[in-house]
Amino acid sequence: MTQLALVIDLNVCVGCHACVTSCKQWNTSGWAGPLADQRPYDQDPTGTFFNRVQTFEVGEYPNTETVHFPKSCLHCEEPPCVPVCPTGASYKREDNGVVLVDYDKCIGCKYCSWACPYGMRELDENQKVMKKCTLCIDRITDESLPERERKPSCVLSCPTDARLFGDVHDPDSEVSVAIREQGGYQLMPEWGTKPANHYLPRRKAKIQIHEDELDRADNPLKKEAPLPAAEGETLDDVAW
Amino acid sequence: MHPAFSVIFLTTLIGAGQGLFLALYTGQVYSIANLLDPQDSVTFYAWGSLLALFLLALGLLASFFHLGHPERAWRSATQWRTSWLSREVIVLPVFMFFVMLYGLFNYFGLTDVLFVVRGQLPVDSTLLIGLLATLMAFALYLSTAMIYASLKFLQEWHSPLTVVNYTLLGLASGFTLAAGFAAWTHANLVGFYVGWAVIFTMLGMISRFASLYRNSRIKRLVETSNAIGVKHNRIVQKSQGFMGGSFNTREFFHGKSASFVRFMRNSFIVLVFIVPVVIMISAANAGSFHLLIVAFVVQYLGLIAERWYFFADAQHPQNLYYQANG
């Protein structure tokens, strides 16, 4: 069975919010109606978004690290928001595992948002229905688009390629390989929701260099000093 | 969580309505067993059922204010296989129907004995309808409470104590109202209902204190490090991705100071448990209708505070993602 999902590389994300704005643009102009904003240019602006980029500071000064954290629906394999829905408006697609809301059935009772431990669902104050990331279902299933464009808007817009998209059930897909080889993890796995989206951790490239490797005794570039060869064999000349 | 008044009124009003009906039916069962005097079916059971129905209808009305699309509310009866909310949506009207039937049968005096069990227990139609309504009343307590208790992420709610509290506090307020109603109709049941109201109030106090104690020392299963998957003890959110508010910052935060929340907790302890019991015990002998109604009103106001605190007390794990402004 296919389970489409995003894999987000926290090592690459620079927190530019391009995915947020492209998500908003695509999903506010689609067939499902606008993602409404209230007072967008006024005091106390607010609105509906499928995708947010948050920033966390890890550690204590001076040993701190900034983590930019893109946050959108994780399309759980055991979505706790689906069984609690009293109307059946909230559902998980059988064919590709995307968790969706039928805006024509939703009564806006907000119960699904209580049942989501990640806070990924937002009530649209204009339409009065619950909304959430659709993984750009109208893009990824649109066969009139060229294949390279059949991806979520956020993935296409990411300037650093921090977002990968694919089938996490296919062991050879780009996302599965990334999860396997780069330590992909899920958010709050202890709840048993089995999120389909994964995150790739921050990674640090380090090489071990010892002092004597920096300061070779027979460094020929040290012109001022007499060449060690003139003084006989050094440790570096020994053939082990 | 942000306490929504629609839900506070829904749960407290139907809780009292169910309790009142159960009190009426308990009175009937006791009188059949010759433990209490039988009451007039019109002035007591019929009008009592109407009062219970009135509370249930008010609760139902309040619940519609919680919905974004109340005109689609009928759809919410479809997912009873998985959703406790859907089960509540079904059980509430069914219970109301049986209470209405119980009231109508009593009003029109359709209380001829249908059959006699073992030559001792005369069974009439109201007894059977009342039994069905009683089952529905407990099913309704269960489904209302399980809406909250089934959410395992909300650790304050995810406990059998939630179901026990909803049931006992509903019974307490219903029996308190029944005592006032009995005094008003001059039924010889005031002492009986006061006794049960005090018992249910005291039991409710024990279970509510148990849940307060449990929640005061709850061990959080997730922290910010689990939320973003970075293993470090010190993680501070610097930006939640927007400057203004969002649904997430409105729905899951009560926005009141810690001292206000403590004030609400202390208020409900005094108003739900202590004051009504004192009033009822002092009023029981006099059979004073006014004092008993005051006891019910005080207890009901206390239950509003109790439900407010129930919501405000719950810490949703999504709040880990919304710790910073800006």
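Residues numbered from 1 in each chain as written. Chains lettered and ligands numbered in written order. Predicted model: local features only at pLDDT ≥ 70, side-chain atom pairs only at ≥ 80, totals over all residues. Heavy atoms only, no water.

Undergrad: Got a sec to walk through the overall build of chain A? Specific residues and values, please.
TA: Each helix and strand counted, chain A has seven helices and eleven strands in total. In terms of C-alpha radius of gyration, chain A reaches 25 Å, well past the compact-globule figure of 18 Å for 240 residues. Each principal axis of the C-alpha distribution contributes one length, and for chain A these read about 90 × 45 × 40 Å. By sequence separation, contacts in chain A at least 24 residues apart represent 56% of the contacts at least 6 residues apart. Carbon and sulfur atoms provide 52% of the accessible area of chain A, an area that totals close to 12200 Å². (Helix = DSSP H or I, 4+ residues; strand = E, 2+ residues; numbered from the N terminus. Rg over C-alpha atoms; globule rule 2.2 N^0.38 Å. Contact = heavy atoms within 4.5 Å. Areas by Shrake-Rupley, 256 points an atom, 1.4 Å probe, with all protein chains shown as cover.)

Undergrad: Account for the overall build of chain B, with residues named and values stated.
TA: A tally of helices and strands in chain B yields ten helices and three strands. Taken over the C-alpha trace, chain B has a radius of gyration of 22 Å; the compact-globule value for 326 residues is 20 Å, and the two agree within 12%. In chain B, which comprises 326 residues, the proportion classed as buried is 56%. Residue pairs at least 24 apart in sequence account for 79% of intrachain contacts in chain B once pairs closer than 6 positions are excluded. With an accessible surface of roughly 14100 Å², chain B has 68% of that area assigned to carbon and sulfur atoms. Between the mean site of the 19 positive side-chain charges and the mean site of the 11 negative ones, chain B shows a separation of 19 Å. (Buried < 20%, exposed > 50% of the residue type's maximum accessible area, 1.4 Å probe, protein only. Lys, Arg positive; Asp, Glu negative; His and termini not counted. Charge placed at Lys NZ, Arg CZ, Asp CG, Glu CD.)

Undergrad: Give a detailed account of the pairing of strand β5 (residues 63-72) of chain A, specifying residues and quantitative values.
TA: Residue and element names in this part refer to chain A. Relative to β5, strand β4 (residues 51-60) runs antiparallel, the two sharing ten bridges. Its bridge partner lying in β5, G59 is registered against T64. Connecting the antiparallel pair β4 and β5 is a turn made up of two residues. (Pairing = 2+ DSSP bridges.)

Undergrad: For the interface of chain B and chain A, give the residues involved together with the corresponding values.
TA: Listed as interface residues are 58 residues of chain B and, on the opposing side, 55 residues of chain A. The largest per-residue losses of area from chain B upon contact with chain A belong to F153, F247 and Y321 of chain B, which jointly make up 15% of the total buried on that side. The interface formed by chain B and chain A contains three salt bridges. For E57 of chain A, the salt bridge is made with K238 of chain B, and the minimal N-O distance between the two is 3.9 Å. Across the contact surface, chain B and chain A share 34 residue pairs in polar contact (both at pLDDT 80 or more). Among the elements of the structure, α3 (84-107), α4 (125-149), α7 (224-228), β3 (235-239) and α8 (247-251) of chain B are those that each provide at least two residues to the side of chain B that touches chain A. Examined bridge by bridge, β4 of chain A and β3 of chain B share four bridges and lie antiparallel to one another. (Buried area = accessible area lost by both parts, 1.4 Å probe. Salt bridge = Lys/Arg side-chain N within 4 Å of Asp/Glu carboxyl O. Polar contact = N/O pair within 3.5 Å; in protein donor to acceptor, adjacent residues only side chain to side chain.)

Undergrad: So what's going on with the sheet that holds strand β11 (residues 198-200) of chain A? Which residues, and what values?
TA: Sheet strands line up and pair through hydrogen bonds in the backbone, either parallel or antiparallel. Residues and elements named next belong to chain A. Taken in spatial order, the three strands line up as β10-β1-β11 in an open sheet, and their pairing is mixed. The two strands at the open ends of the sheet, each matched to only one other strand, are β10 (163-167) and β11. Taken over all neighbouring pairs, the strand axes of this sheet differ in orientation by 25° on average, direction set aside. (Axes fitted to C-alpha atoms, helices over the stretch in contact; angles between N-to-C directions.)

Undergrad: Break down the pairing of strand β2 (residues 121-124) of chain B for me, citing the residues and quoting the values.
TA: Residue and element names in this part refer to chain B. Across four bridges, the pairing between strand β1 (residues 113-117) and β2 is antiparallel. Each bridged residue has a counterpart across the sheet, and for V116 the counterpart in β2 is P122. Between β1 and the antiparallel strand that follows it, β2, lie three residues; R118 among them carries a positive phi value of about 55°.

Undergrad: Would you mind going over the layout of surface pockets in detail, with residue names and values included?
TA: Roughly 450 Å³ of internal volume is contained in the largest pocket. Looking at the largest pocket, it is lined by 23 residues, and the ones nearest its centre are L10, S63, L85, E88 and V89 of chain B. Looking at the lining of the largest pocket, the elements that each hand over two or more residues are α3 (111-115) of chain A together with α1 (5-32), α2 (41-64), α3 and α4 of chain B. The dominant element in the lining of the largest pocket, judged by the number of residues it contributes, is α3 of chain B, at five residues. Class assignment for the residues of the lining of the largest pocket results in 19 nonpolar, three polar and one charged. Taken as a whole, the second largest pocket spans an internal volume of roughly 250 Å³. Around the second largest pocket sit 19 residues that line it, and W31, A32, V101, Y103 and T134 of chain A are the ones nearest its centre. Of the residues in the lining of the second largest pocket, the class split is ten nonpolar, five polar and four charged. (1 Å grid on protein atoms, 1.4 Å probe; cavity = no way out; pocket = protein on both sides within 12 Å on 5 of 7 lines; lining within 4 Å. Points joined across faces, edges and corners; volume = space filled by probe spheres on them. Nonpolar A, V, L, I, M, F, W, Y, C, P; charged D, E, K, R; others polar.)

Undergrad: How would you sum up the environment of D112 of chain B? Please name residues and give values.
TA: Structurally, D112 of chain B is set in the loop between α3 and β1. Not counting residues within four places of it along the chain, the set of residues in contact with D112 of chain B comprises D124 and S125 of chain B.

Undergrad: Before we move on, could you go through the sheet that holds β5 of chain A and cite the residues and values that matter?
TA: One open sheet holds the three strands; their spatial order is β5(A)-β4(A)-β3(B), and the pairing between them is antiparallel. Looking at which strands have only one partner, the edges of the open sheet turn out to be β5 of chain A together with β3 of chain B. Each adjacent strand pair in this sheet contributes to an overall mean axis angle of 30°, direction not counted.

Undergrad: Could you give an account of the side chain of N248 of chain B, naming the residues involved and the relevant values?
TA: Along the chain, N248 of chain B falls in helix α8. A relative accessible area of 0% places N248 of chain B in the buried class. Within the local environment of N248 of chain B, its side chain forms a polar contact with the backbone oxygen of G119 of chain A, the two atoms lying 2.6 Å apart. Among residues more than four places away in sequence, those in contact with N248 of chain B are K71, G119, R121 and E122 of chain A together with F253, Q318 and Y322 of chain B.

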